Amino acid sequence: MLSRLQLIDQIKRKKTFLCIGLDPDIQKIPAFLQQYADPVFEFNKRIIDATKDLCVAYKPNAAFYESRGIKGLQSLIDTYKYLPKECLSIIDAKRGDIGNTSDQYAQAFFNEEASGMGFDAITVTPYMGNDSVTPYLKYEGKWVIILALTSSAGSKDFQYLTTEHGHLYEAVIQKANTWAGADRIMYVVGATKSEEFTSIRKFAPDNFLLVPGVGAQGGSLEDVCKYGMTKDCGLLVNSSRGIIYASNGEDFADAARSEAQKLQLQMQEELEKAGVI
Ligand SMILES: O=C(O)c1cc(=O)[nH]c(=O)n1[C@@H]1O[C@H](COP(=O)(O)O)[C@@H](O)[C@H]1O
């Protein structure tokens with residue numbers, strides 16, 4: 001469990017708000033790892049060892065594990081257990097279902113005794129509304145990260161629809177911030193949408209935003225910070241492929257470290273510019 005204060009303290013101490021996405025595609029990880037009993041876990045372990053001082057969060061995306069069946073689930077459990085306790089552990093599961101079903105999803109990812117996994121945070125879709133999200137918020141101290149404005153091109157299909165409360169993504173933020181436990185809600189806003197951060201901050205002045213889309217998807221870290229950073233930082237910026245696949249040779253962990261370091265140095269500059277540190 002990681003409180004808001006602990007998260008902010010870690011950001012200031014490490015001078016970074018980097019979240020590293022652990023999205024290991026078995027086809028893309030270095031071939032020499034195939035000699036290990038669990039190549040995916042070995043890959044993640046080495047990435048984590050090489051980067052843990054440069055980031056404040058790790059985000060395994062469930063798809064990359066579930067696609068490998070039982071073996072993948074074991075890699076995910078072992079990866080969860082290996083994550084440094086000081087870092088925020090986010091399971092990127094993008095779940096959303098009726099309350100009775102969400103209870104089971106929440107147990108799967110939050111209740112370590114039941115499932116072997118006790119992540120600090122989970123990504124969820126808001127489409128089914130309050131009763132689909134409250135089962136996650138019921139877990140004291142856990143974070144719920146709601147999709148608001150995604151980095152995908154398809155975000156324009158629904159998220160920009162006009163409602164009486166502004167665009168749909170703005171209505172989502174206004175509504176979710178009234179729910180019990182809203183102080184433990186973060187929102188996903190894509191780095192590719194930096195021009196929208198100002199309006200998002202009107203409705204979510206204090207919430208942390210999880211921002212994927214720098215690196216492989218081309219979002220600008222500088223713009224995200226310019227429009228989205230708060231006095232407490234308020235941002236977790238994710239990069240997955242840009243870091244974990246920096247090399248597919250034996251030096252992959254060193255290469256991942258140097259990509260993470262580049263982002264950390266830019267983040268330090270932004271934190272200094274904004275007076276956070
Ligand atoms: O919820 C997410 O993390 C997410 C939301 C979004 O709008 N866009 C997005 O790319 N993501 C995830 O963030 C990661 C981005 O990976 P890279 O593009 O490789 O850095 C992937 O795990 C995506 O599933």
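Quick caveat, the model's predicted, so the values are computed rather than measured. Counting starts from 1 at the beginning of each chain's written sequence and moves along it residue by residue. Local features in this predicted model are restricted to residues of pLDDT 70 or higher, and side-chain atom pairs are both shown and tallied only at a pLDDT of 80 or more, whereas totals for entire chains, interfaces and linings draw on every residue. The side-chain quantities take in all heavy atoms of the structure and omit both hydrogens and water.

Our next topic: the packing of aromatic side chains. Each pair of aromatic rings taken from Phe, Tyr and Trp, with Trp reduced to its six-membered ring, is defined by centres within 6.5 Å and is described as stacked if the planes are under 30 degrees apart, edge-to-face if over 60, and tilted in the remaining cases. In total, this model carries eight aromatic pairs according to the counting rule given. Taken together, a centroid distance of 6.4 Å and an interplanar angle of 90° make the contact between Phe 110 and Tyr 136 edge-to-face. Highlighted residues: Phe 110 in helix H5 (residues 99-110) and Tyr 136 in helix H7 (residues 130-137), separated in sequence by 26 residues. A single burial state applies to Phe 110 and to Tyr 136, both of which are buried. These aromatic residues form a ring-pair network of at least three members: Phe 32, Phe 43, Tyr 245 and Phe 252. The rule is short: NZ of Lys or CZ of Arg within 6 Å of the ring centre and within 35 degrees of the ring normal puts a charge over the ring. Geometry around Tyr 80 places Lys 85 over its ring, the cationic atom sitting 5.2 Å from the centre. The way it works is that DSSP assigns letters per residue, a run of H or I at least four long becomes a helix, a run of E at least two long becomes a strand, and they are numbered from the N terminus. Exposed residues in this analysis have more than 50% of their type's maximum accessible area, buried residues have under 20%, and partly exposed residues fall in between, with area computed by a 1.4 Å probe over protein chains only.

Salt bridge criterion: a side-chain nitrogen from Lys or Arg within 4 Å of a carboxyl oxygen from Asp or Glu. For the structure on display, the rule yields 14 salt bridges. Between Lys 81 and Glu 112 there is a salt bridge, and its shortest N-O distance comes to 3.7 Å. With Lys 81 in helix H4 (residues 69-82) and Glu 112 in helix H6 (residues 112-115), the pair connects residues that are 31 residues apart, well separated along the chain. One salt bridge in this structure joins Lys 231 and Asp 232, with 3.5 Å as the shortest N-O distance. Among the residues examined, Lys 231 registers a relative accessible area of 63% and is labelled exposed. For Asp 232, a relative accessible area of 17% corresponds to the buried category. Among the charged side chains, a network of salt bridges with common partners joins Arg 4, Lys 231 and Asp 232.

UniProt positions are given in the numbering used here, feature names are shortened, and annotations may be inferred rather than shown by experiment. Residues annotated by UniProt as "domain: Orotidine 5'-phosphate decarboxylase" (unreviewed entry) correspond here to residues 17-256. With 38% helix and 19% strand, residues 17-256 has end C-alpha atoms that lie 16 Å from one another.

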